[in-house]
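# Structural overview for review
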Amino acid sequence: MTQTADNILNNPFLNKGTAFTQSERQALGLTGTLPAVVQTIDEQAQQAYAQFQSKPNDLEKRLFLMTLFNENRTLFFHLMDQHVVEFMPIVYDPTVADSIEQYSHLFTDSQGAAFISVDDPDSIEDTLRNAANGRDIRLVVVTDAEGILGMGDWGVNGVDIAVGKLMVYTAAAGIDPSQVLPVSIDAGTNNQQLLDDPLYLGNHHKRVYGDAYYDVIDRFVTAERKLFPESLLHWEDFGRSNAKVILDKYQDQMPTFNDDIQGTGMVVLAGILGALNISHEDIRDQKFVFFGSGSAGMGIAHQIFDELQRAGLSADEARQHLYAVDKQGLLFSDTPDLTAAQTEFARNRQDFNNATDLTTLAQVVATVHPTVLIGTSTQPGAFTADLVKDMAAHTDRPIIFPLSNPTKLAEAKALDLLKWTDGRALIATGIPVGDVTYNGTTYHIGQGNNALMYPGLGFGLIASTATVLNGETLSAACHALGGLVDTTQPGAAVLPPVDQLTDFSQKIAEVVAQSVVDQHLNKEPIADVRQAVADMKWVPEYKPVD
Ligand SMILES: NC(=O)c1ccc[n+]([C@@H]2O[C@H](COP(=O)([O-])OP(=O)(O)OC[C@H]3O[C@@H](n4cnc5c(N)ncnc54)[C@H](O)[C@@H]3O)[C@@H](O)[C@H]2O)c1
Ligand SMILES: O=C(O)C[C@H](O)C(=O)O
Ligand SMILES: [Mn+2]
């Protein structure tokens, strides 16, 4: 098809704006459709950055960046490459949370997403085909938005998390942005505020569950595999009752993972390995309390459970190190309404002589004396001074990760944790926080966010043409990230800083690809893993147009 000026300038994958050269303008029929000056991408980036800086708040900054993203992907990612630490909290967590809450009111562009409706399952294949528009899709991020971060159900508005995750994939690992597809599965919403809002853009009915829902998921997966057989399928922010059921159903059949369960489990294990490098302690000597035993909490428990067994413990021994706490308190095998994931880590009541008292986190901490405390509860401030001091009285270097997102939901603040533990806590937080100075030492706080893991993981799987993702590869990636901390400095972070995101994402990708090839899980022959990863990396520079 011959391109017209209109469809070149309106195609974000082709558009270069003022950077089209005179000869390109002539060849493509763009003569006279742009001002005379031909700019370099760096001149364009400089001008765009000045506009970005002029915006009064983070949401306005995000809206500006999304406009640029909608118009010109190459320029957007070129700019993001230059300002990755500054842009991450704007395009991703925490500002993405504000944009999700206001999505329907702020809507101007679909950002290339595919919108699947539970009410129209016959259109699923067409939907994916239309949204891909002939592109060679290698990576799909899908959400049904029942559990957006810790903010609950946001219906179709949640598509922004799929878009945001994909932006981070390209910025961190270099996946070609024309090869990705964000997908929203609109299964309805139980968020009354949305249902009552005439401007809400999703289906105005309650969420569909059960067979009808799983049928839509199955039809989506079937169409996705048919249309994009080379792709990796990433599940994001599904509700607690569906996330693991879906993962269990498909994980042995195709390259797929759930980011909240597995991505989070991996980044947290990496952070714990980093912390243990700093404290020179052994993972087999740790006691782990998980506060918030949902998708993330139990995903983390599972990854640690796996690691303890790799370190030589039996499954039963490993379970004795893990304490899953949820609304009911410590979870016991006879606690009503356990999820499938919770059942795996629920404890025997007989193992505790004060079992009936273990209904609050404070009581669990007082009884167990954990060395590691992980928060994925969505309960702001749940790690109180008393509880943290109690924990710190029984261990030299308490490992405390308040991971609930966004900012307003974090279980504790880094500075408070340092104060309450006399600077001894080894901390990672879900959202980025700046350096914290306490008692003359500057502490770098690692970001315990799956964004440190999923781009490298996904890129490595795609580059190696992996057919499935298994525990061996997950473990290899955890160790790759966990081994990168600089333990020599006082106040060292337990995870590497976001300004090295592109470097360590590449390293994780290589380790993942190597693990896939070593296990013969690659579909295509791969002679040189590093080369395969390097060859797939997309660079945000304009290519000549013929
Ligand atoms: N930092 C990261 O990379 C990362 C990754 C995934 C999730 N998270 C965060 O973790 C949180 C949970 O996410 P999820 O996907 O697991 O959600 P989820 O709904 O699956 O799990 C939340 C769990 O917390 C429990 N909970 C709620 N109130 C509680 C209370 N008062 N006491 C104890 N437990 C309580 C719920 O019953 C549920 O089991 C969210 O805030 C999310 O943003 C962070
Ligand atoms: O999206 C994030 O920032 C991390 C995580 O996937 C979450 O659900 O909180
Ligand atoms: Mn998530």
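All values reported here derive from a predicted model rather than from experimental measurement.

### Things to note about helix H19 (residues 385–392)
For H19, the full list of buried residues reads Leu 387, Val 388, Met 391 and Ala 392. Buried residues of H19 fall within an arc of 130° about the axis and therefore sit on the same side. As for H19, its buried residues are in contact with helix H18 (361–368), strand S9 (372–375), strand S10 (399–402) and helix H20 (414–420).

### Some thoughts on the layout of surface pockets
Roughly 1,000 Å³ of internal volume is contained in the largest pocket. Forming the walls of the largest pocket are 41 residues, and the residues nearest its centre are Leu 149, Gly 150, Ser 295, Thr 376 and Thr 378. For the lining of the largest pocket, the class distribution of residues is 9 nonpolar, 22 polar and 10 charged. Mapping the lining of the largest pocket onto the domain boundaries places at least three of its residues in each of domain 2 (95–258) and domain 3 (259–546).

### Thoughts on the site of ligand 1
Of all residues adjacent to ligand 1, which total 24 residues, the nearest are Arg 240, Ser 295, Ala 296, Asp 326 and Gly 448. Between Ser 295 and ligand 1, the recorded distance is 2.8 Å, taken from a backbone N or O atom to an oxygen atom. Contact between ligand 1 and Leu 403: a nitrogen atom at 3.4 Å from a main-chain N or O atom of the residue. For ligand 1, whose free accessible area comes to 840 Å², the fraction covered by protein is 87%. Assessed atom by atom at 2 Å from the grid points, ligand 1 resides in the largest pocket. Each of domain 2 (95–258) and domain 3 (259–546) accounts for three or more of the residues forming the shell around ligand 1.

### A word on the site of ligand 2
As a structural note, the neighbourhood of ligand 2 is formed by Tyr 92, Asp 93, Leu 149, Ile 161, Lys 165, Glu 236, Asp 237, Asp 259, Asp 260, Asn 405, Asn 449 and Asn 450. Within the side chain of Asn 405, a nitrogen or oxygen atom sits 3.0 Å from an oxygen atom of ligand 2. At a threshold of 2 Å from the grid points, most atoms of ligand 2 map onto the largest pocket. Of all the secondary structure elements, the ones that give two or more residues to the shell around ligand 2 are helix H10 (159–173) and helix H14 (259–279). Tallied by class, the residues present in the shell around ligand 2 amount to 3 nonpolar, 3 polar and 6 charged. When residues are assigned to domains, the shell around ligand 2 turns out to be shared by domain 2 (95–258) and domain 3 (259–546), each giving three or more.

### Observations regarding the packing of aromatic side chains
This structure, assessed with the given rule, holds 17 aromatic pairs. For the ring pair Phe 52 and Phe 87, a centre distance of 4.7 Å and an interplane angle of 45° mean the geometry is tilted. Residue Phe 52 is found in helix H3 (residues 41–54), and its partner Phe 87 is found in helix H6 (residues 84–91); the two are separated by 35 residues along the sequence. Pair check on accessibility: Phe 52 and Phe 87 agree, each one buried. Each ring, one from Phe 220 and one from Trp 235, has its centre 6.1 Å from the other, and the planes form 85°; the classification is edge-to-face.

### Side note on the UniProt feature "binding site: (S)-malate" (unreviewed entry) in the protein chain
UniProt feature "binding site: (S)-malate" (unreviewed entry): in the numbering of this structure it lies at Asn 405 and Asn 449. For the annotated residues, spread through 45 residues, the largest C-alpha to C-alpha distance comes to 9.2 Å, consistent with a single compact locus. Of the residues named above, Asn 405 and Asn 449 line the largest pocket. Here Asn 405 lies in the loop between S10 and H20. With respect to the helices, strands and loops of the structure, Asn 449 is situated in the loop between strand S14 (446–447) and helix H21 (454–463).

What counts and what doesn't
- Residues numbered from 1 in each chain as written.
- Chains lettered and ligands numbered in written order.
- Predicted model: local features only at pLDDT ≥ 70, side-chain atom pairs only at ≥ 80, totals over all residues.
- Heavy atoms only, no water.
- Buried < 20%, exposed > 50% of the residue type's maximum accessible area, 1.4 Å probe, protein only.
- Helix = DSSP H or I, 4+ residues; strand = E, 2+ residues; numbered from the N terminus.
- Arc of directions from axis to C-beta.
- Contact = heavy atoms within 4.5 Å.
- 1 Å grid on protein atoms, 1.4 Å probe; cavity = no way out; pocket = protein on both sides within 12 Å on 5 of 7 lines; lining within 4 Å.
- Points joined across faces, edges and corners; volume = space filled by probe spheres on them.
- Nonpolar A, V, L, I, M, F, W, Y, C, P; charged D, E, K, R; others polar.
- Domains from an automatic or database assignment.
- Near = heavy atom within 4 Å.
- Polar contact = N/O pair within 3.5 Å; in protein donor to acceptor, adjacent residues only side chain to side chain.
- Areas by Shrake-Rupley, 256 points an atom, 1.4 Å probe, with all protein chains shown as cover.
- Sits in = over half its atoms within 2 Å of the grid points.
- Phe/Tyr/Trp six-rings, centres within 6.5 Å; stacked < 30°, edge-to-face > 60°.
- UniProt positions renumbered as here; feature names shortened; annotations may be inferred.

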